[in-house]
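Survey of secondary and tertiary structure
The residues making up each chain are set out below.
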Amino acid sequence: MRGNEIIKLLMEKKGIVNVQLANKLGVTQATMWARLNNKSDRDIQLSVFYEMVDALGYDLVLRKKTDGTEEQFAEVEEYYVEIDIPTNPKRRGRPRIKDME
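Residues numbered from 1 in each chain as written. Predicted model: local features only at pLDDT ≥ 70, side-chain atom pairs only at ≥ 80, totals over all residues. Heavy atoms only, no water.

Let us now look at the side chain of Asn37. Structurally, Asn37 is set in the loop between helix H3 (29–36) and helix H4 (46–55). Given the relative accessible area of 17%, Asn37 is considered buried. Sequence-distant contacts of Asn37, defined by excluding residues within four places in its chain, comprise Asn4 and Lys8. (Helix = DSSP H or I, 4+ residues; strand = E, 2+ residues; numbered from the N terminus. Buried < 20%, exposed > 50% of the residue type's maximum accessible area, 1.4 Å probe, protein only. Contact = heavy atoms within 4.5 Å.)

A separate point is the nonpolar core. Judged by nonpolar contacts, the single largest core of 17 residues is most densely connected at Ile7, Leu21, Leu25, Met32, Met52 and Leu56. Those elements that place two or more of their residues in this core are helix H1 (3–14), helix H2 (18–25), H3 and H4. Counting residues per element, this core draws most heavily on H4, which supplies 5 residues. The contact partners of Met52, leaving out residues within four places of it in the chain, are Ile7, Leu21, Leu25, Met32, Arg35, Leu36 and Ile44. (Core = buried A, V, L, I, M, F, W, Y, C linked by side-chain atoms within 4.5 Å.)

Time to look at H4. For H4, a buried count of 8 out of 10 residues is recorded, marking the element as mostly surrounded by other parts of the structure. The set of residues buried in H4 consists of Ser47, Val48, Phe49, Tyr50, Glu51, Met52, Val53 and Ala55. Directly beyond the C-terminal end of H4, a positive phi value near 90° is found at Gly57.

Another point: the pattern of salt bridges. Evaluated as defined, the whole model comprises 1 salt bridge. Across the salt bridge formed by Asp43 and Arg2, the nearest N and O atoms sit 4.0 Å from each other. With Asp43 in the loop between H3 and H4 and Arg2 in the segment before H1, this residue pair connects regions lying 41 residues apart in the sequence. (Salt bridge = Lys/Arg side-chain N within 4 Å of Asp/Glu carboxyl O.)

Here we take up a nonpolar patch on the surface. A cluster of nonpolar side chains, Met1, Ile6 and Leu9, forms an exposed patch at the surface whose accessible area comes to about 310 Å². By the element assignment, Met1 lies in the segment before H1. Residue class for Met1 comes out exposed when judged on its relative accessible area of 72%. (Patch = residues over 30% accessible without salt bridge, like charges linked within 9 Å, V, L, I, M, F, W, Y side chains within 5 Å. Areas by Shrake-Rupley, 256 points an atom, 1.4 Å probe, with all protein chains shown as cover.)

What follows covers the confidence of the model for the protein chain. Reading fine detail from the predicted coordinates is not recommended where pLDDT is low. Model confidence for the protein chain is summarised by a mean pLDDT of 76, while 66% of its residues fall at 70 or above. Element-level mean pLDDT values for the protein chain span from 49 in strand E4 (residues 96–97) up to 93 in H2. Overall, residues 89–101 carries pLDDT values under 50, and its contacts beyond four positions in sequence, including any with other chains, amount to 20 contacts. (pLDDT = per-residue confidence, 0-100.)

In this section: the packing of H2 against H4. The geometry of H2 relative to H4 is characterised by a closest axis approach of 10 Å and an angle of 105° between their N-to-C directions. As summarised for this structure, H2 and H4 are arranged roughly perpendicular, according to the angle between their axes. Taking contact as the criterion, the partners of Leu21, Lys24 and Leu25 in H2 are, on H4, Glu51, Met52 and Ala55. Class assignment of the residues belonging to the contact of H2 with H4 gives a composition of 4 nonpolar, no polar and 2 charged. (Axes fitted to C-alpha atoms, helices over the stretch in contact; angles between N-to-C directions. Parallel < 35°, antiparallel > 145°, perpendicular 65-115°, else oblique. Nonpolar A, V, L, I, M, F, W, Y, C, P; charged D, E, K, R; others polar.)

The following block contains the structure:
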């Protein structure tokens, strides 16, 4: 499943339409439409995906895959990554990933 498809599912689940998410992110409706309806082979960038997921009230969690040989209740290994999104609306560069310690 592509990133834009995941965002569409989350929007549907929360009852949010394109214009509402665009307003939360401070982008135009045309930009939001382009992000969600990209027909090329390129998916949305991870930083953009994170920004959209965050605006919808969700977190991204990376979890180590298991090969099925681990015990059912083995400790789950998760990593939380916080992505720094510029808050200055005049600065339109890419969000920067904060250093993980």
